[in-house]
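Notes for the structure review
Chain by chain, the residues run as shown.
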Amino acid sequence: MRLRGTAWVTAGLLLAVATGCTGGGDEAAPEASARSAPATSEPPRTTSSPTPTPADPVSLPALMQREHTGSGMRLGDVLDRTSAYTRHAVTYEANGLTVSGIMNIPEGKGPFPALVLAHGYIDPDVYVSGQGMPREQDRLARSGYVVLHTDYRNHARSDDDPDNDVNLRLGYTEDVIGAALALRDSGRPEIDGDRIGLFGRSMGGGVVYNTLVVAPGLFDAAVAYAPVSARPEENIDHFQRPDGDPLVAEIEEKHGTPEENPAFWRAVSPLTYLDRVTEPLLIQHGTADGTCPLTWSRQVAAAFEKAGKDVELRTHAGEGHTFGPRWPASMDITEAFFARHLR
């Protein structure tokens, strides 16, 4: 089912945060249907559904319940022209924030399928628009895809969200959802709004996982390269705590530690809600990745398989986090995957 327009709402998503098992949150009972009053002298009795437990505003269930918006795709300056595509600066609106990025539009007659690219972690203080996946942007545009690389909030020319880091950067998931909706809403003849894929690297791979559980049906297929852990507490322990990042204390003061508040940490892990996933997922990971351990991708692939989802993990012997000699071959695999699902 393809979703159109500037708004996306998941039907019946009154989810409780306090779900403990991997595989899905519990949905609240549907509202009772209206019935005629009985033919009796007694006044009619009224019934109501139980009030669902409100979702913590910093959680994946809260994003599931939200009405997401994405619109206002604006092409700005032409940044480059090649024989294969034109590169534009762009902005779009996502849940009330303006988000910047770049868009590569292929030469020739469209409409072309589109891909949203979600980059890995780069310090926002040094990040420049479009940074992070230049090889992928170029190759995929040359292969006939409209490529929208989102900068995310707090990056480049995007609006600020001062609470995003302490709230585990869940806002990046909103920005990616908004990007897809803005592509569908753009009305541009070059863009086929019925064929959109998602491609994330490193931290962006974690954004891919979140998006698949928050907005099933929005994308046609997704790829994650060298992704981070699907458990945010593991990412904190691996990347931030060893460096003495003061943000860790802020996060734990606001949300508690996994020991103090296990319900919160379950509700920010996409592994808790894999029953919602509807799109095929390809994961690619190097065996010599010293940044994001291959074990993380193996665990995610196993969890997707256990949930009965369409997932494929491809490993590349000797490749590190950013991929080197095997990058062209890995992109052949990625393009074949997107061709099966978007062409």
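Reading guide: rules and limits
- The numbers attached to residues start from 1 for each chain and follow its sequence in the written order.
- Only residues with pLDDT of at least 70 get local features here, since the model is predicted, and only at 80 or more are side-chain atom pairs given and counted; chain-wide, interface and lining totals rely on the full set of residues.
- Heavy atoms throughout the structure, all of them, feed into the side-chain values; hydrogens and water do not.
- UniProt positions are given in the numbering used here, feature names are shortened, and annotations may be inferred rather than shown by experiment.
- Here a strand is any run of E in DSSP of at least two residues, a helix any run of H or I of at least four, and the numbering for each starts at the N terminus.
- Think of it in three bands: with a 1.4 Å probe and only protein chains considered, a residue is buried below 20% of the maximum accessible area for its type, exposed above 50%, and partly exposed in between.
- We call two residues in contact whenever any of their non-hydrogen atoms come within 4.5 Å of each other.
- All accessible-area figures derive from a Shrake-Rupley calculation using a 1.4 Å probe, and residue coverage is judged against the displayed protein chains alone.
- Helix span, as expected, comes to 1.5 Å for every residue beyond the first.
- To define a nonpolar core, start from buried Ala, Val, Leu, Ile, Met, Phe, Trp, Tyr and Cys residues and group those joined through side-chain atoms within 4.5 Å.
- Pairing of aromatic rings covers Phe, Tyr and Trp, the last through its six-membered ring, and needs centres within 6.5 Å; plane angles under 30 degrees mean stacked, over 60 mean edge-to-face, and all others mean tilted.
- By definition here, a salt bridge exists when the distance from a side-chain nitrogen of Lys or Arg to a carboxyl oxygen of Asp or Glu is within 4 Å.
- Paired strands, in this sense, are two strands between which DSSP finds at least two bridges.
- If you view a crossover with the strands going away from you and the path from the first strand over the helix to the second runs clockwise, you call it right-handed.

Per an unreviewed UniProt entry, the protein carries the name Dipeptidyl aminopeptidase/acylaminoacyl peptidase and comes from Streptomyces caelestis. Under the UniProt heading Sequence similarities (unreviewed entry), the note attached to the protein is "Belongs to the AB hydrolase superfamily."

It is worth spelling out the overall build of the protein at this point. The helix and strand inventory of the protein stands at nine helices and ten strands. When each of the 343 residues of the protein is scored for burial, the buried share is 53%. Taking the contacts inside the protein whose residues are at least 6 apart along the sequence as the reference set, 73% of them involve residues at least 24 apart. Total accessible area computed for the protein in this model is approximately 14900 Å², and 49% of it derives from carbon and sulfur atoms.

Side chains three or four residues apart in an α-helix point the same way, a direct result of the helix having 3.6 residues per turn. For helix H9 (residues 327–342), which comprises 16 residues, the first-to-last C-alpha distance of 22 Å matches the rise-based estimate of 22 Å (1.5 Å per residue) to within 8%. Those residues of H9 lying buried are Trp327, Ser330, Met331, Ile333, Thr334, Glu335, Phe337, Phe338 and Leu342. Buried-residue contacts for H9 involve strand E5 (112–118), helix H2 (134–142), strand E7 (191–201), strand E8 (221–225), strand E9 (281–286) and strand E10 (311–316).

Another point: the nonpolar core. Residues Met103, Leu183 and Leu281 are the most contacted members of the largest nonpolar core, which totals 64 residues. Sorting elements by how many residues they give to this core places helix H3 (residues 171–185) first, with eight residues. If sequence neighbours within four positions are ignored, Leu281 has contacts with Val208, Tyr209, Leu212, Ala222, Val223, Ala224, Phe304, Asp310, Val311, Glu312 and Phe337.

As a further point, take the packing of aromatic side chains. The geometry of an aromatic ring pair is captured by two quantities: the separation of the ring centres and the angle between the planes. For the structure on display, the rule yields nine aromatic pairs. Taken together, a centroid distance of 4.3 Å and an interplanar angle of 15° make the contact between Tyr152 and Tyr172 stacked. Pair noted here: Tyr152 is in the loop between strand E6 (146–150) and H3 and Tyr172 is in helix H3, with a separation of 20 residues, a long-range link. Relative accessible area serves as the criterion here: at 0%, Tyr152 is assigned to the buried category. For Tyr172, a relative accessible area of 2% translates into the label buried.

As a further point, take the pattern of salt bridges. Taken as a whole and assessed by the stated rule, the structure comprises 15 salt bridges. We note a salt bridge from Asp161 to Arg153, for which the minimum N-O separation is 2.8 Å. Taking relative accessible area as the criterion, Arg153 reaches 4% and is therefore assigned buried. Taken together, the shared-partner salt bridges connect Arg66, Arg153, Asp161, Glu174 and Asp175 into one network.

Following the sequence through the fold, Gly308 ends up in the loop between helix H8 (294–306) and E10. Linking Gly308 and Asp275, residues 33 residues apart in sequence, is a C-alpha distance of 8.3 Å.

The amide bond that connects Gly110 to the next residue, Pro111, takes the cis arrangement and shows omega of 0°. Tracing the backbone through its elements, the reader meets Pro111 in the loop between strand E4 (97–106) and E5. For Asn154, which is not a glycine, the phi torsion comes out positive at approximately 70°. With respect to the helices, strands and loops of the structure, Asn154 is situated in the loop between E6 and H3. Of note, Phe323 is a non-glycine position whose phi angle comes to about 65°, a positive value.

Here E9 runs beside E10; their pairing, made up of six bridges, is parallel. Note that in E10 the partner of Gly286 across the bridge is His316. In this view, the connection linking E9 to its parallel neighbour E10 by way of H8 has right-handed handedness.

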